[in-house]
Amino acid sequence: MQLIDVNKEDKLIFQHNVITSGRYDYSACMLDILFMVLSCLEKNKLEYTIHTHDIEVITGRKWNYKQLREATESIGSRMFEIDTPESYDQIWLFSRVKYLKGTGSFTIKLNDEATPYFFDLKNNFTAMQLKSVLNCSSKYAKRLYAIACQWRSVGTKRFEIPELKNMLGLIDKKGNEQFERISDFKKFVLDIARTQICENTDIEIDYELKKRGREFFWITLKINTQKFKQLEIDFEKPLNIQKFVSKLTNYGLNQEQAELIAGKEKEKDFDILITELNEKIRQRKLKIENSVGYLVGVYQKKGILQAKN
């Protein structure tokens, strides 16, 4: 039995639901920049350096620097519209982008006014897999993947079609609508997104359109809930520890075992262990019939888990 390779591709990212459901029109490249920032958030830290090599390793695609600079320029002019019972906010997520010449990297500074939507998540967040969202090339697939992740614990979510189009930035302030014909909306948005999400992410989606009178008016997203379980965050515990615990339980360790290991072992050391084990398995130097039992044995030898009498 081969153990699953674990690396930064499997990282979970956490996005406030008001951003998931907000009305904005970001290109695919702009969304990837946002998701890379989400992947390295640290409390009370406003500046983040993004290395283009990291996203190229995850996706297998080269970033076009001209496209990248155009994308960060456009981010500066795109606002998020957030409608809550208390207020209607127009916010800009980033206050500055600085390209570091010759390094293949750039630094992004968060806008102070936007920090609550990055850090004050409480229970109002969407958990997504970084590799999944980056592997979708369509901007609509990326957005619908995030929306589906928000509702995956429910399994379905119904929208009025104009509501969903507004979220996706397909209707402007003057009421001009892209893909007004339902056949175009299906072909260029929904069908492409469904295909890419099912092929490239940790979930599967489908959709159903229903009419009101003679016109299609509602869309129901159907989300496969079997692949992933939404992570509950306990804000009394460090987020990196909770992510590590979630990773360990995905390997089949129980919650108690995972918490004991995460409390004493560094996640990078666990990743090294898995990489080395997989290499031995591929070289046929090691045969593992029970991967969970093997990992338990490793941590029993380290004194982290107690051996049963």
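Residues numbered from 1 in each chain as written. Predicted model: local features only at pLDDT ≥ 70, side-chain atom pairs only at ≥ 80, totals over all residues. Heavy atoms only, no water.

(A) Main features of the sheet that holds strand 6 (residues 105–110). Ordered by their spatial adjacency, 3 strands build an open sheet running 2-6-5, and the pairing between neighbours is antiparallel. With one partner strand each, in any of the chains shown, strand 2 (47–51) and strand 5 (94–100) form the two edges of the open sheet. On average, adjacent strands in this sheet sit at an angle of 20° to one another, irrespective of strand direction. Pairing of strand 5 with strand 6, which is carried by 6 bridges, proceeds in the antiparallel orientation. The residue of strand 6 that forms the bridge with Lys-98 is Thr-107. Contacts from helix 2 (residues 28–38) reach strand 2, strand 5 and strand 6 within the one sheet, and its direction differs from that of strand 6 by about 75°. (Pairing = 2+ DSSP bridges. Helix = DSSP H or I, 4+ residues; strand = E, 2+ residues; numbered from the N terminus. Axes fitted to C-alpha atoms, helices over the stretch in contact; angles between N-to-C directions. Contact = heavy atoms within 4.5 Å.)

(B) Geometry of the sheet that holds strand 9 (residues 205–212). Across the sheet, 3 strands lie side by side as 8-10-9; this open sheet has antiparallel pairing. Across the chains shown, the open sheet's two edge strands, defined by having one partner strand only, are strand 8 (156–160) and strand 9. Strand-to-strand twist across the sheet, computed as the mean angle between neighbouring axes with direction ignored, equals 25°. Note: strand 8 against strand 10 (residues 215–223), 5 bridges, orientation antiparallel. In the sheet register, Phe-159 faces strand 10, and the bridge partner there is Ile-219. Where helix 9 (residues 182–200) meets the sheet, its contacts fall on strand 9 and strand 10, and the angle it forms with strand 9 comes to roughly 155°.

(C) Spotlight on the side chain of Thr-126. Tracing the chain through its elements places Thr-126 in strand 7 (residues 125–129). Classification of Thr-126 as buried rests on a relative accessible area of 0%. Among the polar contacts listed, one links the side chain of Thr-126 to the side chain of Asn-17, at a separation of 2.5 Å. (Buried < 20%, exposed > 50% of the residue type's maximum accessible area, 1.4 Å probe, protein only. Polar contact = N/O pair within 3.5 Å; in protein donor to acceptor, adjacent residues only side chain to side chain.)

(D) The arrangement of the nonpolar core in detail. Core analysis: the largest hydrophobic core is formed by 65 residues, its most contacted members being Phe-35, Leu-93, Phe-94, Phe-118, Leu-164, Ile-197 and Ile-219. Residue contributions to this core peak at 9 residues, all from helix 2. Look past the residues within four positions of Ile-197 in its chain and what remains in contact with it is Cys-136, Ala-141, Leu-144, Tyr-145, Ile-203 and Ile-205. Grouped together as the second largest cluster of nonpolar side chains are 18 residues, Leu-248, Ile-261, Val-296 and Leu-305 included. (Core = buried A, V, L, I, M, F, W, Y, C linked by side-chain atoms within 4.5 Å.)

(E) Representation of the packing of helix 7 (residues 139–150) against helix 9. Remark: helix 7 packs on helix 9, axes separated minimally by 8 Å, with the N-to-C direction vectors making an angle of 70°. Put simply, helix 7 runs roughly perpendicular to helix 9. Helix 9 is crossed by helix 7, and the crossing has right-handed handedness. Listed contacts from helix 9 to Tyr-140, Ala-141, Leu-144 and Tyr-145 of helix 7 are Phe-188, Val-189, Leu-190, Ala-193, Gln-196 and Ile-197. For the contact of helix 7 with helix 9, the residue count by class is 9 nonpolar, 1 polar and no charged. (Parallel < 35°, antiparallel > 145°, perpendicular 65-115°, else oblique. Left-handed = near helix turned anticlockwise from the far one by under 90°. Nonpolar A, V, L, I, M, F, W, Y, C, P; charged D, E, K, R; others polar.)

(F) Structural view of the pattern of salt bridges. The full count for this structure, using the stated rule, is 13 salt bridges. One salt bridge connects Arg-96 with Glu-47, and the closest N-O pair in it is separated by 2.6 Å. Taken as a pair, Arg-96 in strand 5 and Glu-47 in strand 2 lie far apart in primary sequence, 49 residues in all. In this structure, the salt-bridge partner of Glu-70 is Lys-66, at a minimum N-O distance of 2.6 Å. (Salt bridge = Lys/Arg side-chain N within 4 Å of Asp/Glu carboxyl O.)

(G) Examining helix 9 more closely. When the terminal C-alpha atoms of helix 9 are compared, their 25 Å separation across 19 residues agrees well with the 27 Å that a helix rising 1.5 Å per residue should span. Along helix 9, the helix axis deviates most sharply at Leu-190, where the bend reaches about 35°. Those residues of helix 9 lying buried are Phe-185, Val-189, Leu-190, Ala-193, Gln-196 and Ile-197. Here the buried face of helix 9 lies against helix 7, helix 8 (161–167), strand 9 and strand 10. (Expected span 1.5 Å × (residues − 1). Bend = angle between axes of the 7 residues up to and from the residue.)

(H) Structural detail: the packing of aromatic side chains. Here the structure, examined in full by the defined rule, presents 8 aromatic pairs. Consider the rings of Tyr-24 and Tyr-26, whose centres lie 5.3 Å apart with planes at 80°: the pair is edge-to-face. Judged on exposure class, the residue Tyr-24 and its partner Tyr-26 are both buried. With 5.7 Å between their ring centres and 20° between their planes, Phe-179 and Phe-188 make a pair best called stacked. Taking relative accessible area as the criterion, Phe-179 reaches 23% and is therefore assigned partly exposed. One aromatic cluster in this structure is built from Tyr-140, Phe-179 and Phe-188. In this structure, Arg-143 is placed above the aromatic ring of Tyr-24, and the distance from its NZ or CZ to the ring centre is 3.9 Å. Positioned over the ring face of Trp-151 is Lys-157, at 4.2 Å from the centre of the ring. (Phe/Tyr/Trp six-rings, centres within 6.5 Å; stacked < 30°, edge-to-face > 60°. Lys NZ or Arg CZ within 6 Å of the ring centre and 35° of its normal.)

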